[in-house]
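Take a look at the letters that make up each chain.
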Amino acid sequence: MSTRNSHLAVVGSGIAGLFSTLLAAEAGLRVTLVTKGALAESNTHFAQGGICAVLGPEDAAPGDTVEAHIADTLKAGAGQCNPDAVRILCEEACADIGALERFGVVFDRDADTGRRALGLEGAHSAARILHAGGDATGAAIADGLIRAVRDAAALGTVTILENTFVRDLVLDAGQVTGVALLAPDGRPWTLEAGAVLLASGGAGQLFDFTTNPSVATADGLAAAWRAGAAVADLEYFQFHPTALAVGGNFLISEAVRGAGAALRDSHGTAFMARYHPEGDLAPRDVVSRSIAAHLRSLHAEPGATVFLDATGVEASHGAGYLARRFPTIDARTRELGFDWTREYLPVTPAAHYWMGGIASNLHGQTSLPGLYAAGEAACTGVHGANRLASNSLLEGLVFGRRAVESFTAGSFGLWPGTGAKTRTPWPEAATLDDGAAVPAVPAVPEVPSAAPGDSLLGFDRESLRRLMGARAGVVRNAAGLGEAAAQLASWRRQAEAASKEFAEAGGPRPATQAEAELDNLLLVAELLVHAALTRENSVGGHFRSDFPEPPGTGRSPHLWVRDTSAGSAHLPTSLPVLESETV
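Source: prediction; values computed, not measured.

**Points about the overall build of the chain**
Of regular secondary structure, the chain possesses 18 helices and 21 strands. Partitioning the intrachain contacts of the chain with sequence separation of at least 6 by distance along the chain shows that 72% fall at a separation of at least 24. Of the roughly 21,700 Å² that the chain leaves accessible, carbon and sulfur atoms contribute 53%.

Below, the structure is given as structure tokens:
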């Protein structure tokens, strides 16, 4: 089947969604871009530090190589990366950076050499981070791509649906053929498409402390799960170590520590060298856990923070450097009453990025024909158990493009290793015994329920976020995860009872976007907690205090797929074909 002039529905307006939309339109596809808010409402728009790539020989940092970028990514991923995905990400980075510039994105340049300026971030062995507007890289990329998408819409090659919520995927005989939507006025309708690309972002709103905007509610992953798509590595959630502890968890970019800032405790002591040889530039999961460990060693009160000291950066580079290099951070901290050139900033780990997601191969294909995934919504295994700083924007570019290339080539979202008319079946899935996976607990944690009228589902978002932050955050154990599972199960029963009651009264639930988002958060919270209970070891963004030892050598991904006959099913992925081609 020729896909030229076929219809591709792209869900999400971050870098993966915007870039994929433009490439699909250039390839001659009819493209509809669906986003539940305005185009600029995405994690991409909030990204500060930059996007990493090893540029050509004349532009790269001295001695830097693609192989070094690969090695850094594998090291940060704690042995859990898909090495094929990592190689693709790093080898194809330079070309996709060029494509970004072709669409109007302008990166900062060195005033002396005229070359693109390169910064250093944690766990990178060389300066390879491109940035724009100082510390407003995500906004600069998003704004450039949005202008290009709107230009394409004006030419009639792209249809934009803003403030339009994707409730679910539409299937016909097991193939994804469109999306079920809520229009801005709340009216339900269906958009038919030849294929759907989910680039709908992550799930930071699962946690009480997060750098993600309010739209990060894992709607794409939840819809994919309900449709029967496989998901992977859900226990791996990265907590950024330096979000402001006040003012809505505004992110203080890793690039600030790359420039020389240091973490200090309440006594003014720099402590990271005690916990890792790379000190303040250790991988993010290490820094976040080190902060928690150091606060415990000080017997700190609940809610205590550590501090980021950038005063030495200003002193060594001269007055005005922080404002010039990090204008967004400088403006925001001053709005909150801090002069970071002279005083420390209180910081705390905050939920930042989900390494897990919809299981996809190296071409963005998922386990459902007609469904592709890219960006944070997807899981190729490229990040392993912990994402290397500034690889996320790059992932959206590389694998978003590869998904579009796959669709235009006629692959049509078939699982790897298959021909045009046949699909390799999933391994037989073992039925999951809920009693075995979730330990019995004497009582659920004391998390306040929603007041009457707060939520038609019987609980509210803030209660869920507090629960997940307390029981499934930086440090986990079976007791806390079991308590979380019990509370989530209680809320699930409430939600199902409420839905049944409304259905009997003549109206299905969830009926509004807010209700659907809350239902999606409940679902992905259940999935994450279940995955975290199952992985009885510690690696990267998943740390179990009761199982602190790492897993055995080699990647050990966990895949899950919904079994409509018996709840959930676990797919062990020790088989080489699944390890190399699936995640």
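**What about the confidence of the model for the chain?**
Taken over all residues, the pLDDT of the chain has a mean of 87, while the share at 70 or more is 87%. Across residues 416–454, confidence stays below pLDDT 50; counting only partners more than four residues off in sequence or on other chains, it has 69 contacts.

**Overview of the environment of I15**
Note that I15 resides in helix 1 (residues 15–26). Beyond its immediate sequence surroundings of up to four residues, I15 is in contact with T44, I141, L145, L393, G396 and L397.

**Observations concerning the sheet that holds strand 9 (residues 188–192)**
Ordered by their spatial adjacency, 3 strands build an open sheet running 7-8-9, and the pairing between neighbours is antiparallel. Two strands lie at the open edges of the sheet, namely strand 7 (165–172) and strand 9, each paired on one side alone. Averaged over all pairs of adjacent strands, the angle between their axes in this sheet comes to 30 degrees, without regard to strand direction. Across 7 bridges, the pairing between strand 7 and strand 8 (residues 175–182) is antiparallel. The residue of strand 8 that forms the bridge with V166 is L181.

**Topic: the pairing of strand 8**
Connecting the antiparallel pair strand 7 and strand 8 is a turn made up of 2 residues, with A173 showing a positive phi of about 55 degrees. Note: strand 8 against strand 9, 5 bridges, orientation antiparallel. Looking at strand 9, one finds that G178 is bridged to E192. Hairpin remark: strand 8 followed by strand 9, antiparallel, with 5 residues in the connecting loop; positive phi at G186, about 90 degrees.

**Concerning the sheet that holds strand 17 (residues 371–373)**
Reading across the sheet, the 5 strands line up as 6-2-1-10-17 and stay open at both edges, with parallel pairing between neighbours. Every interior strand has two partners, whereas the edge strands, strand 6 (158–161) and strand 17, have only one. On average, each strand axis in the sheet is tilted by 20 degrees relative to the strand beside it, whichever way the strands run. Of the pairings in the sheet, the one linking strand 1 (residues 7–11) to strand 2 (residues 30–34) comprises 5 bridges and is parallel in character. Residue pairing for strand 2: L8 is matched across the bridge by V31. Relative to the sheet, helix 6 (residues 137–155) contacts strand 2 and strand 6, its axis offset from that of strand 6 by approximately 115 degrees.

About the criteria used
Residues numbered from 1 in each chain as written. Predicted model: local features only at pLDDT ≥ 70, side-chain atom pairs only at ≥ 80, totals over all residues. Heavy atoms only, no water. Helix = DSSP H or I, 4+ residues; strand = E, 2+ residues; numbered from the N terminus. Contact = heavy atoms within 4.5 Å. Areas by Shrake-Rupley, 256 points an atom, 1.4 Å probe, with all protein chains shown as cover. pLDDT = per-residue confidence, 0-100. Pairing = 2+ DSSP bridges. Axes fitted to C-alpha atoms, helices over the stretch in contact; angles between N-to-C directions.

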